[in-house]
Amino acid sequence: MAQSTSDLRERLPADCQVPAHIAIIMDGNGRWAQEHGLSRLEGHLAGREATHRVVQACDELGVQVLSLYAFSAENWGRPGDEVSGLMSLIEDALAQELDDLVGAGIRFIASGRRDELPVALRQILARAEARTADDDGMVLNLLINYGGRAEIVDATRALAYRVQAGEIAPEDITEQLLRECLYAPGLPDPDLLLRPGGEMRVSNFLLWEIAYAEIVVTPVLWPDFDGGHLIEAIVEYNARQRRFGGVPGVE
Ligand code: FPP
């Protein structure tokens, strides 16, 4: 963001299409820390550097939306010092990077149940959203205290209130109407779901939205992840044939 990275675009094969929306489960900070004889929090700090690199790389490659899983609704079950450390880390990172986000024209949004987050973090999330609201570059969607099931429950509840108020009838509820009640209804669904760290699961991430995402899992731990790994994932994505339940060549 601050300074442009080198030649990422040139490293992407010419026939490769950049996914419009990349969603990343940033996994492996703890294992990376263990491998380096460091604390889990130091692993998350190294993960923060990878986050910076990848935001910059996606911006440079022309990705339209980047969704990053920073803290899941289930992560509250971690040791208290890791949870509070992560909250401070995310707060500090946003405070430090906000000017660069603005400078790069990146629009920041946060998705998740933010009323359960510390006040200072909520404030910086709101400040970042407000300062970047008119930016028309890449959208950076930070998922924090986010759960895919919770998001669907929240959307269902919003629709139930509308039925109760007599605004809509139960039979008016469609996929489109439910989608409009998700946390970030204006965003296109992810094209590429990327999971560093090697685990073959989706971990309650964007359950509705990833219905037709291509999943790429890499063993690289998140703190080691860089633009080159991103290019590799995009190349693998391009080798996939996306059918959306249809038959190739048949409209
Ligand atoms: C999962 O790794 C990672 C997290 C729960 C935290 C992700 C947060 C960051 C990468 C910090 C940067 C965020 C921003 C917004 C600057 P893990 O701890 O589960 O790793 P493990 O599976 O190896 O234990």
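Structure first, text after, so check above.
In this convention, every chain numbers its residues from 1, walking through the sequence in written order. Local features are withheld for residues below a pLDDT of 70 in this predicted model, meaning they are given only at 70 or higher, and side-chain atom pairs are given and counted only at 80 or more; totals for whole chains, interfaces and linings count all residues. Hydrogens and water molecules were not included; the side-chain quantities draw on all heavy atoms of the structure.

## Considering the side chain of D27
Okay, step 1: Within the secondary structure layout, D27 lies in the loop between β1 (21-25) and α2 (29-35).
Okay, step 2: The term polar contact refers here to a pair of N or O atoms within 3.5 Å; inside protein, the definition further demands a hydrogen-donor-capable atom paired with an acceptor-capable atom, and it admits residues adjacent in sequence only when both atoms are side-chain atoms. A distance of 3.0 Å separates polar atoms of two side chains, one belonging to D27 and the other to R195.
Okay, step 3: Apart from residues no more than four positions distant in its own chain, D27 is found in contact with R195, P196, G197, E199, L221 and W222. Where helices and strands are cited, they refer to DSSP runs of H or I of at least four residues and of E of at least two residues respectively, numbered from the N terminus. The criterion used for residue contact is that any of the two residues' heavy atoms lie within 4.5 Å.

## As for the packing of aromatic side chains
Okay, step 1: Only centres within 6.5 Å qualify two rings of Phe, Tyr or Trp (six-membered ring in Trp) as a pair; their planes then separate them into stacked at under 30 degrees, edge-to-face at over 60, and tilted for everything else. Across all of its chains, the model carries 6 aromatic pairs by this definition.
Okay, step 2: With 4.9 Å between their ring centres and 70° between their planes, F71 and W76 make a pair best called edge-to-face.
Okay, step 3: For F71, a relative accessible area of 0% gives the class buried.
Okay, step 4: Centroid distance Y146 to F205: 6.5 Å. Interplanar angle 85°. Geometry classified as edge-to-face. Residue Y146 is found in strand β4 (residues 139-146), and its partner F205 is found in the loop between β5 (192-196) and β6 (214-218); the two are separated by 59 residues along the sequence. Side by side, Y146 and F205 carry an identical accessibility label, which is buried.
Okay, step 5: A network of ring pairs unites the aromatic residues Y69, Y146, Y183 and F205 as a single cluster. Accessible area is worked out with a 1.4 Å probe on protein chains only. A residue is then buried under 20% of its type maximum, exposed over 50%, and partly exposed in between.

## Digging into helix α5 (residues 119-132)
Okay, step 1: How far a helix is expected to stretch is found by multiplying one less than its residue total by 1.5 Å. An ideal rise of 1.5 Å per residue puts 20 Å on 14 residues; α5 measures up with 20 Å between its terminal C-alpha atoms.
Okay, step 2: Those residues of α5 lying buried are L121, I124, L125, A128 and T132. Seen from one end, α5 has its buried residues packed into an arc of 105°, which puts them on one side. Opposite the packed face of α5, turned more than 90 degrees from it, sit the exposed residues V119, Q123 and A130.
Okay, step 3: Packed against the buried residues of α5 are α4 (80-103), β3 (107-111) and β4. The directions from the helix axis to the C-beta atoms form the arc being described.

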